[in-house]
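So you can see what is in the structure, the chains are spelled out below.
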Amino acid sequence: MTLFGCKSTAPLHTIEQLDIKRYSGTWYEIARITHRFEKGLEKVSATYTLRNDGKITVLNQGIKVSDPGVVKTAKGVAWIPDPSKPAQLKVSFFWPFAGNYWIIDLDADYQHALIGDPSRKYLWILSRTKTMDAATYNRLTDIAAKAGFDISKLDRIRQ
């Protein structure tokens, strides 16, 4: 128990099964806890492409709010280090550094996803479409809050 704040130290639970082929494709950022590498970006998407070696090519793209003619991109690679935990991926944009990409929630149709990391510093709400209904958004933010994320830090992203 902490006296200051409500940061969770409990383990972060992820979904138990993941069909990476179904997960592949383009996802749109609906909301995020913004960090320096995404600051000032809107219309952000991530495209995941399964490679022959079982890893995933990651292509993130976003438009600079200050200069809508500029598209920022970042290309990386993701992988599943432990096949018994398929939703606990690692992603690297600058080798040898890698971060956690943990799928906390994913609907049965692979249309909406909640992504975070055990530190609770990173959180994304993703959708296969550029919009998300309020009920789905609220369900995902409720899950995030119960998992120990500070959802007051979430920024809605203009698509």
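See above for the structure.
Every residue gets a number counted from 1 within its own chain, in the order that chain's sequence is written. This being a predicted model, a pLDDT of at least 70 is required before a residue's local features are given, and a value of 80 or more before pairs of side-chain atoms are given or counted; all residues contribute to the totals for chains, interfaces and linings. Excluding hydrogens and water, the side-chain figures rest on all heavy atoms present in the structure.

### Section: the environment of Leu 106
The helix count covers DSSP runs of H or I at least four residues long, the strand count covers runs of E at least two residues long, and both are numbered beginning at the N terminus. Within the secondary structure layout, Leu 106 lies in strand β6 (residues 97–106). In sequence terms Leu 106 and Gln 17 are 89 residues apart; their C-alpha atoms lie 9.8 Å from each other. The criterion used for residue contact is that any of the two residues' heavy atoms lie within 4.5 Å. For Leu 106, the contacting residues outside a window of four places in its chain are Ile 15, Leu 18, Tyr 23, Trp 27, His 112 and Ala 113.

### Brief notes about the pattern of salt bridges
Definition used for salt bridges: Asp or Glu carboxyl oxygen within 4 Å of a side-chain nitrogen of Lys or Arg. Under the criterion given, the structure shown has five salt bridges. We note a salt bridge from Glu 38 to Arg 32, for which the minimum N-O separation is 3.9 Å. Think of it in three bands: with a 1.4 Å probe and only protein chains considered, a residue is buried below 20% of the maximum accessible area for its type, exposed above 50%, and partly exposed in between. Of the residues examined, Glu 38 reaches a relative accessible area of 8% and is grouped as buried. Residue Arg 51 pairs with Asp 53 through a salt bridge whose shortest N-O separation is 2.6 Å. You can call Arg 51 partly exposed: its relative accessible area is 31%. Three or more residues are tied together by salt bridges with common partners; here these are Glu 29, Arg 32 and Glu 38.

### Quick look at the side chain of Asp 105
Turning to its location among the elements, Asp 105 is positioned in strand β6. Under the relative-accessibility criterion, Asp 105 is labelled buried at 15%. One polar contact links Asp 105 to Arg 139, side chain to side chain, over a distance of 3.0 Å. Contacts of Asp 105, omitting those with residues within four sequence positions, involve Ile 15, His 112, Ala 113, Leu 114, Arg 139, Leu 140 and Ile 143. Here a polar contact is taken to be a pair of N or O atoms separated by no more than 3.5 Å, where protein atoms must pair a possible hydrogen donor with a possible acceptor and residues adjacent in sequence count only if both atoms sit in side chains.

### Quick notes on the environment of Gln 17
Note that Gln 17 resides in the segment before α1 (20–23). On the basis of relative accessibility, which here comes to 68%, the residue Gln 17 falls in the exposed class.

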